[in-house]
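Summary of the model geometry
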Amino acid sequence: MAKINRKKQIRNLALLGLALAGVAAAGFGLSRLGRTKDEPNQKQDQKEERAYEPLTAAQYAKANVNELGNVPIMMYHGIQNMNNADTAYTGGNIDVDGYQRTAEAFRNDLRFYYDQGYRMIRLSDYVDGNVDVEPGKSPLILTFDDGLDNNILVTGLDKDGNIEIDPNSAVGILEAFKKEHPDMNVTATFFVNQGLFSQPEYNEKILKWLVEHGYDVGNHTMNHPDLLTIDQAQTEQEVGGVYEKLEEIIPGKYVPIVALPFGSPYDLEHPNMASIFQGTFNGKPYTTKSTLQVAWEADASPYSNAFNPTFLKRIRAYDNNGENFDIQMNFDRLNTSRYISDGDPDTIVYPESEQASLGETYEKKPIPYTPAE
């Protein structure tokens, strides 16, 4: 019981702190999960233009609609310009743990997600309880840790000073997929350390390009320490230092989310978690809204009472012959547990048998159904 209360306490602290940070002129600009106050709410404008007609219970059942189902958050690191046959490991793994993946494998991953009926959403929208995908499809979230140069490798500048991106880097592959599959809503969140994308001459242009082209940037600490090995003051420096860097380059346009190095601390009880969620760096307060664990399985629907937006689970994007929670194992499991949308972002539709799992509704209309209705 104490653990549950502690989670609620940290969640409330984070949400309250976020609101305060949004109005504190002296703090880092974290108020709107990466969107500035003057930026139009394009998704809201699109939503107002659409008309949704509720389906019958039989139609919901036929499409297996379940907006209390699970959502995969995929964890990637490096994407290297190699073919699968060039590696000594299983599938598209370049290292034994699959943290480095071939460009061929990443392209195959994207096609697999698409063909399986998944459509991308922003991590920040998921945290905020905003899931908007077409009817019959399922939400999917992509994340990249470490700010590796092969995430978005710049090959030079064009005549107008805009960055040119290697087509075999992660973003190059994502942009090509975006053109081929505009209904995939391609996006991802990149979590950086103090070196950003390890391209000093281009780092600022890269950050600005990402947020201008539908991607998000988050916090992976300054030096990637195991947060179990340092104290709270050092934790504030690690977390606050990245927020300061991002605020200098893309003020108010990054997400206040921390991808925990090595996945530690492993629970919300650890004292360093308080310094991850709130602290002060160089006299400026920061607030973190959510943290990401390293990997093993999909997380809950934001409308499920099992959802904890402050401490999210991810799936390691690697191959292991369908074992040890690799891509195949996780998506096989998701076949019977996945979130399937009714297409209306203002409703939460689910089988009546799942009623006990309903949690926060974010002012959306819950619609339980049974095929017999």
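How each quantity is defined
- Residues numbered from 1 in each chain as written.
- Predicted model: local features only at pLDDT ≥ 70, side-chain atom pairs only at ≥ 80, totals over all residues.
- Heavy atoms only, no water.
- 1 Å grid on protein atoms, 1.4 Å probe; cavity = no way out; pocket = protein on both sides within 12 Å on 5 of 7 lines; lining within 4 Å.
- Points joined across faces, edges and corners; volume = space filled by probe spheres on them.
- Nonpolar A, V, L, I, M, F, W, Y, C, P; charged D, E, K, R; others polar.
- Core = buried A, V, L, I, M, F, W, Y, C linked by side-chain atoms within 4.5 Å.
- Buried < 20%, exposed > 50% of the residue type's maximum accessible area, 1.4 Å probe, protein only.
- Contact = heavy atoms within 4.5 Å.
- Helix = DSSP H or I, 4+ residues; strand = E, 2+ residues; numbered from the N terminus.
- Salt bridge = Lys/Arg side-chain N within 4 Å of Asp/Glu carboxyl O.
- Phe/Tyr/Trp six-rings, centres within 6.5 Å; stacked < 30°, edge-to-face > 60°.
- Pairing = 2+ DSSP bridges.
- pLDDT = per-residue confidence, 0-100.
- Polar contact = N/O pair within 3.5 Å; in protein donor to acceptor, adjacent residues only side chain to side chain.

With that settled, the discussion passes to empty space enclosed by the protein. Tallying each qualifying case throughout the model produces one cavity of 30 Å³ or more. Taken as a whole, the largest cavity encloses approximately 30 Å³ of empty space. Taken together, Met 75, Tyr 76, His 77, Gly 98, Tyr 99, Arg 101, Arg 316 and Ala 317 form the lining of the largest cavity. Considering only residue class, the lining of the largest cavity consists of four nonpolar, two polar and two charged.

Turning to the nonpolar core, a few remarks are in order. In this structure, Met 74, Phe 106, Tyr 113, Leu 142, Phe 144, Leu 174 and Leu 210 are the most contacted members of the largest nonpolar core, which totals 60 residues. Aside from chain neighbours lying at most four places away, what touches Phe 106 is Tyr 76, Ile 79, Leu 142, Phe 144, Ala 170, Ile 173 and Leu 174. Counting residues in hydrophobic clusters, the runner-up holds 23 residues, among them Ile 141, Ala 259, Phe 307 and Ile 348.

Another aspect to go through is unusual backbone geometry. Between Ser 264 and the following residue, Pro 265, the backbone shows a cis peptide bond with an omega angle of 0°. Relative to the assigned elements, Pro 265 resides in the loop between strand 10 (257-259) and helix 9 (272-277). Here Leu 196, not a glycine, exhibits a phi torsion of approximately 55°, which is positive. In this model, Asn 282 sits at a positive phi of 50°, which is unusual for a non-glycine residue. Position of Asn 282 among the secondary structure elements: in the loop between strand 11 (278-281) and strand 12 (284-287).

On to helix 7 (residues 203-212), then. Taken together, the buried positions of helix 7 are occupied by Asn 203, Ile 206, Leu 207, Trp 209, Leu 210 and Val 211. Of the surrounding elements, those touching the buried residues of helix 7 are strand 6 (154-157), strand 7 (163-165), helix 6 (170-180), strand 8 (189-192), strand 9 (216-219) and helix 8 (232-249).

Before going further, it helps to spend a moment on the pattern of salt bridges. Under the counting rule described, the total for this entry stands at 11 salt bridges. One salt bridge connects Arg 333 with Glu 297, and the closest N-O pair in it is separated by 3.3 Å. Placement of the pair is Arg 333 in helix 10 (residues 327-334) and Glu 297 in the loop between strand 13 (290-292) and strand 14 (311-312), with a sequence separation of 36 residues. Here the residues in one salt-bridge network are Arg 101, Asp 109 and Asp 319, joined through shared partners.

This part takes up the packing of aromatic side chains. This model, assessed by the stated rule, comprises 18 aromatic pairs. Ring centres of Tyr 76 and Phe 144 lie 5.3 Å apart, and the angle between their planes is 20°; on these two criteria the pair is classed as stacked. A residue pair is termed long-range when its members are at least 10 positions apart, and Tyr 76 in strand 1 (residues 73-76) and Phe 144 in strand 5 (residues 138-145) qualify at 68 residues. Assigned by exposure class, Tyr 76 and Phe 144 land together as buried. Relative to Phe 331, the ring of Phe 112 has its centre 5.5 Å away and its plane inclined at 80°; by these criteria the two rings are edge-to-face. In this pair, Phe 112 sits in helix 4 (residues 103-115) while Phe 331 sits in helix 10, placing the two residues 219 residues apart along the sequence. Using a relative accessible area of 23% as the deciding quantity, one classes Phe 112 as partly exposed.

For strand 16 (residues 347-351), a buried count of five out of five residues is recorded, marking the element as mostly surrounded by other parts of the structure. Neither face of strand 16 is left uncovered, since the one carrying Thr 347, Val 349 and Pro 351 and the one carrying Ile 348 and Tyr 350 both have all their residues buried. Alignment of strand 16 against strand 17 (residues 365-369), held across five bridges, turns out to be parallel. What sits directly across from Thr 347, in strand 17, is Lys 365.

Below, the discussion takes up the environment of Asp 183. Relative to the helices and strands, Asp 183 resides in the loop between helix 6 and strand 8. A relative accessible area of 29% means that Asp 183 is categorised as partly exposed. Once the C-alpha coordinates of Asp 183 and Val 133 are considered, the two residues, 50 residues apart in sequence, prove to be 9.3 Å apart. Discounting chain neighbours no more than four positions away, the residues touching Asp 183 are Tyr 114, Arg 119 and Glu 134.

Let us look at the confidence of the model for the protein chain. Per-residue confidence for the protein chain averages 90 on the pLDDT scale, and 86% of its residues sit at or above 70. Low pLDDT (under 50) marks residues 1-26, which in the prediction has 29 contacts with non-local residues, meaning those over four places away or in another chain. Taken as a whole, residues 29-47 scores under 50 in pLDDT and shows 37 contacts with residues more than four places along the chain or in a different chain.

Bringing the pairing of strand 1 into the picture now. Residues of strand 1 alternate between two faces, with Ile 73 and Met 75 on one and Met 74 and Tyr 76 on the opposite face, all of them buried. Strand direction decides the pairing type here: strand 1 and strand 5, joined by four bridges, are parallel. Across the sheet, residue Ile 73 finds its bridge partner in strand 5, namely Ile 141.

In this structure, Thr 347 sits in strand 16. Of the residues examined, Thr 347 reaches a relative accessible area of 10% and is grouped as buried. Here the side chain of Thr 347 touches Asp 342 through a polar contact of 2.8 Å, side chain to side chain. In this structure the side chain of Thr 347 is engaged in a polar contact, spanning 3.2 Å, whose partner is the backbone oxygen of Asp 344.

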